[in-house]
Each structure stands twice: as structure tokens, then as C-alpha cells.
Amino acid sequence: MSDCLFCKIVRKQIPAEVVHEDEQVLAFKDISPRAPVHILLIPKAHCSGLNELTPDVQAAVPRLMEVAARLARELGVAESGWRLLSNCGADGGQAVFHLHFHLLGGRPLGGMVGRG
Ligand code: 5GP
Ligand code: ZN
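Sequence order as written defines the numbering, with residues in each chain counted from 1. Lettering of chains starts at A and numbering of ligands starts at 1, both following the order in which they are written. It should be noted that, the model being predicted, local features are given only for residues of pLDDT at least 70 and side-chain atom pairs only at 80 or more, the latter also being counted only at that level, while totals for whole chains, interfaces and linings use all residues. To get the side-chain values, take all heavy atoms of the structure and skip hydrogens and water.

### A short note on the coordination of the zinc ion (ligand 2)
Next up, step 1: We call an atom a donor if it is N, O or S and sits within 2.8 Å of the metal, or 3.2 Å for Na, K and Ca. Water is not counted, so some sites may look partial. Protein-derived ligands of the zinc ion (ligand 2) are Cys4 (SG), Cys7 (SG), His46 (ND1) and His98 (ND1), with the metal-ligand distances lying across 2.1 to 2.3 Å.
Next up, step 2: Because the angles between the four donor atoms bound to the zinc ion (ligand 2) fall within 106 to 116°, the donor set is best described as tetrahedral.
Next up, step 3: Judged by its relative accessible area of 23%, histidine 46 is partly exposed.
Next up, step 4: Residue classification places histidine 98 among the buried residues on the basis of a relative accessible area of 0%. Geometry is assigned from donor-metal-donor angles: four donors are tetrahedral when every angle falls between 85 and 135 degrees, four are square planar and six octahedral when opposite donors sit over 155 degrees apart with all other angles between 65 and 115, and any other arrangement is irregular. Exposure is judged per residue with a 1.4 Å probe applied to protein chains only, and the accessible area is read against the type maximum: over 50% gives exposed, under 20% gives buried, and values in between give partly exposed.

And the structure:
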């Protein structure tokens, strides 16, 4: 999508610190990291979020999980532990409407959700 921030990162119109790229998946460092390791993994094909999964994007999700697990090993958090999450919609805290998964690690991440 022409005006989507993460599509612009896919097209290299906006710079990002890319840590993995293949035909289906791009992974790059979050611009405002919440943990020592904070990577965003996205399907290259546009999809606004988990509410709007298209067949193309759905096909990329297993690959994305595999890449996340490999990056966790490479970035040294596989043993200490890490989290993979996708915020969906307003209550989910989604700010960027191109499906993405946050890979977080490198410190104890606490309980699964805050109290709001
Ligand atoms: P959400 O709240 O939608 O799940 O998360 C969006 C994430 O995108 C946030 O963690 C935010 O820091 C990150 N982000 C927003 N704009 C940019 C950007 O231009 N570059 C990068 N690398 N990350 C961004
Ligand atoms: Zn997009």
C-alpha cells in the first residue's frame, strides 16, 4: 500500500536496520525499543493485521515464526527467553496497520499484559 509506513520500509523508501530479509518476510529493529532485543517481523505483502489475514499473508506466517526463532537464537535470547506478539486493533494497542510481530527479549518481560 502506497501510504503504509511498513510497506515503505519494505520498498526501502524509509530506512530501517534490517536483520533478516527473504521473499516473504522482513525483520528490522524497532525504532523505539522496549527491551534490549526488540525486532519487528512483517510479511512483505500488505495486510492491516490479524483481523484481515489474506491467503498470501497467511502462507508467510509459518516462515515468519521460523525466522523469529532463528533470530532469537542469533541475538542470544533463546536460552534466557523471549516473547513474540502481535497487537491487533485499538484495545490491542496496534499503532501501525501493517501486520507485524514484536520479538522481545534480553530482560525479564514481566506478566503477559498490563492492567491498562
Ligand atoms: P504496534 O503498537 O502497532 O504493535 O507497534 C508499532 C511499532 O512500530 C512500535 O513499537 C514502534 O516503535 C514501531 N515503529 C513505528 N514507526 C517506526 C519506524 O519508522 N521504524 C521502525 N523501525 N519502527 C517503527
Ligand atoms: Zn503495508
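From this point, things continue past the structure.
### Points about the site of ligand 1
Next up, step 1: Near residues are defined by distance, with any heavy atom within 4 Å of the molecule or strand qualifying the residue. Neighbouring ligand 1 are 16 residues; Asp30, Asn87, Ala95, His100 and His102 lie closest to it.
Next up, step 2: Throughout this description, a polar contact denotes any pair of N or O atoms lying within 3.5 Å of each other; where both atoms belong to protein, one of them has to be capable of donating a hydrogen while the other can accept it, and for residues adjacent in sequence the pair is counted only when both atoms sit in side chains. In this structure, alanine 95 approaches ligand 1 through a main-chain N or O atom, which is 2.6 Å from an oxygen atom.
Next up, step 3: In short, Shrake-Rupley with a 1.4 Å probe defines the accessible areas, and a residue's cover is counted only from the protein chains shown. Look at ligand 1: alone it shows 530 Å² of surface, and the protein chains cover 85% of it.
Next up, step 4: A molecule is said to occupy a pocket when more than half its atoms come within 2 Å of that pocket's grid points, and by this definition ligand 1 occupies the largest pocket.
Next up, step 5: At three residues, the largest contribution of residues to the shell around ligand 1 is made by helix H1 (residues 5-10).
Next up, step 6: Throughout this entry, Asp, Glu, Lys and Arg are counted as charged residues, while Ala, Val, Leu, Ile, Met, Phe, Trp, Tyr, Cys and Pro are counted as nonpolar. The remaining residues, Gly among them, count as polar. For the shell around ligand 1, a count of residues per class yields eight nonpolar, six polar and two charged. Residues are called lining when one of their atoms sits within 4 Å of a cavity or pocket point, these points coming from a 1 Å grid over the protein atoms alone, where a cavity is a set in which a 1.4 Å probe fits but cannot get out and a pocket is an open set with protein on both sides within 12 Å along at least five of seven lines. A pocket or cavity is taken to hold a molecule when more than half of that molecule's atoms are within 2 Å of the pocket's grid points. Strands are runs of DSSP state E lasting at least two residues, helices are runs of H or I lasting at least four, and both sets are numbered from the N terminus onward.

### Some words on the nonpolar core
Next up, step 1: Think of a nonpolar core as a cluster: buried Ala, Val, Leu, Ile, Met, Phe, Trp, Tyr and Cys residues, connected wherever their side-chain atoms sit within 4.5 Å. The biggest cluster of nonpolar side chains holds 16 residues, and the ones touching the most others in it are Ile39, Leu41, Leu71 and Leu103.
Next up, step 2: Sorting the residues of this core by element identifies strand E2 (25-29), strand E3 (37-43), helix H2 (55-74) and strand E5 (101-105) as the ones contributing at least two each.
Next up, step 3: With six residues, the single largest contributor to this core is H2.
Next up, step 4: Phe6, Val10, Phe28 and Ile42 belong to the second-largest nonpolar core, a separate cluster that totals ten residues.

### Quick look at the pattern of salt bridges
Next up, step 1: Salt bridge, as used here: a side-chain nitrogen of Lys or Arg that lies within 4 Å of a carboxyl oxygen of Asp or Glu. Scanning the entire structure with this criterion turns up six salt bridges.
Next up, step 2: When the shortest N-O distance is used, the salt bridge between arginine 63 and glutamate 66 registers 3.0 Å. With arginine 63 and glutamate 66 both in helix H2 and three residues apart, this pair spans about one turn of that helix.
Next up, step 3: Residues joined in a network through salt bridges with shared partners are Lys12, Glu21 and Lys44.

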